[in-house]
Amino acid sequence: MPQQHRARVTREAIVLAAAREFARLGFGATSLNVILERSRVTKGAFYFHFPSKEALAQHLIDYSRRGWAEIERHRLRGASDPLQTVVLMVDDYARLLTEDELAWAGIRLLGEDGGPGDLFGAWYVSWEGLLSRLLADAARRGLLRPGVEPVDLAGVIAAGVVGARAVSHGTSGSGELAERVTRLWRVVLPGVATEGWWNEFQGRNPALVGA
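Residues numbered from 1 in each chain as written. Predicted model: local features only at pLDDT ≥ 70, side-chain atom pairs only at ≥ 80, totals over all residues. Heavy atoms only, no water.

What to know about unusual backbone geometry
- Despite not being glycine, Arg-40 has its phi angle at roughly 60°, a positive value.
- Within the secondary structure layout, Arg-40 lies in the loop between helix H2 (32-39) and helix H3 (43-49). (Helix = DSSP H or I, 4+ residues; strand = E, 2+ residues; numbered from the N terminus.)

Structural notes on the packing of aromatic side chains
- Enumeration over the complete set of coordinates arrives at ten aromatic pairs.
- On the basis of an interplanar angle of 85° and a centroid distance of 5.3 Å, the ring pair of Phe-46 and Tyr-47 is categorised as edge-to-face.
- Arranged with centres 6.0 Å apart and planes meeting at 40°, the rings of Phe-46 and Phe-50 form a pair that is tilted. Accessibility assignment for this pair places Phe-46 and Phe-50 in one class, buried.
- Three or more aromatic residues joined by ring pairs form one cluster here, namely Trp-68, Tyr-93, Trp-123, Tyr-124 and Trp-127. (Phe/Tyr/Trp six-rings, centres within 6.5 Å; stacked < 30°, edge-to-face > 60°. Buried < 20%, exposed > 50% of the residue type's maximum accessible area, 1.4 Å probe, protein only.)

Thoughts on helix H7 (residues 120-140)
- The end-to-end C-alpha distance of H7 is 30 Å, a good match for the 30 Å that 21 residues give at a rise of 1.5 Å each.
- Of the positions making up H7, those classed as buried are Trp-123, Tyr-124, Trp-127, Leu-130, Leu-131, Ser-132, Leu-134, Leu-135 and Ala-138.
- Count one or two residues on from H7 and you reach Gly-142, which has phi positive near 80°. (Expected span 1.5 Å × (residues − 1).)

Regarding the packing of helix H4 (residues 53-76) against helix H6 (residues 101-110)
- In contact at an axis separation of 7 Å, H4 and H6 are set at 110° when each is read in the N-to-C sense. As the angle between them shows, H4 and H6 are arranged roughly perpendicular. Touching Ala-57, Leu-60, Ile-61, Tyr-63, Ser-64, Arg-65 and Trp-68 of H4 are Leu-102, Ala-103, Ala-105, Gly-106, Ile-107, Leu-109 and Leu-110, all from H6.
- Taken together, the residues of the contact of H4 with H6 sort by class into eleven nonpolar, two polar and one charged. (Axes fitted to C-alpha atoms, helices over the stretch in contact; angles between N-to-C directions. Parallel < 35°, antiparallel > 145°, perpendicular 65-115°, else oblique. Contact = heavy atoms within 4.5 Å. Nonpolar A, V, L, I, M, F, W, Y, C, P; charged D, E, K, R; others polar.)

Notes on the pattern of salt bridges
- Enumeration according to the criterion identifies 14 salt bridges in this entry.
- Where Arg-140 meets Asp-137, a salt bridge forms, and the shortest distance between an N and an O atom there is 3.9 Å. Here the residue Arg-140 and the residue Asp-137 both occupy positions in helix H7, the gap between them amounting to three residues, near one helical turn.
- Residue Glu-179 is joined to Arg-183 by a salt bridge in which the shortest nitrogen-to-oxygen separation is 3.4 Å. With a gap of four residues between them, Glu-179 and Arg-183 both fall in helix H9 (residues 177-192), about one helical turn apart.
- Counted as one network, the salt bridges with shared partners bring together Glu-21, Arg-24, Glu-37 and Arg-38. (Salt bridge = Lys/Arg side-chain N within 4 Å of Asp/Glu carboxyl O.)

No statement about biological role is implied by the geometric values presented.
Now the structure itself:
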């Protein structure tokens, strides 16, 4: 049991050190030696847990994607208001990336040129498609203003969130992401949602839209 505990602690130290360096410098600029130095483990201990730096980066990408998938399952389960589901889902994404260093690093790696694999395009198209389907349902239920195209709106929201993450990374780190998403909703929702829906949503979720 003590040996298993030490192995778990060592693995966690490697993953956390790598997440911080990948988030700060990116995949290409982060050397294995820096990860070893930050985690205070030997090269042998590292290879006991991960066969390569690429495998470690993929572990973080998979961790982040599992977090997003769990958010989607949670918000889609029994959802009755598809427009609210979109907003709450995106807010959960922002909170996950703000509060979880591993998820933040994984998303950076997912979108990085020269990173492990070429996964961002497929992930982005899938996520935008989910938003589009939810917004199409919202349009059928009369929650969107006439003339609002669900596909176009899904593209604006998806690009806005990805852009907010990129800007947050380039300025203050993950700390500003939630506030940037709040600003996105404050600008977008009044113009696309019906007045009745928007007024009711603001009343229920004042902090979420900065009301």
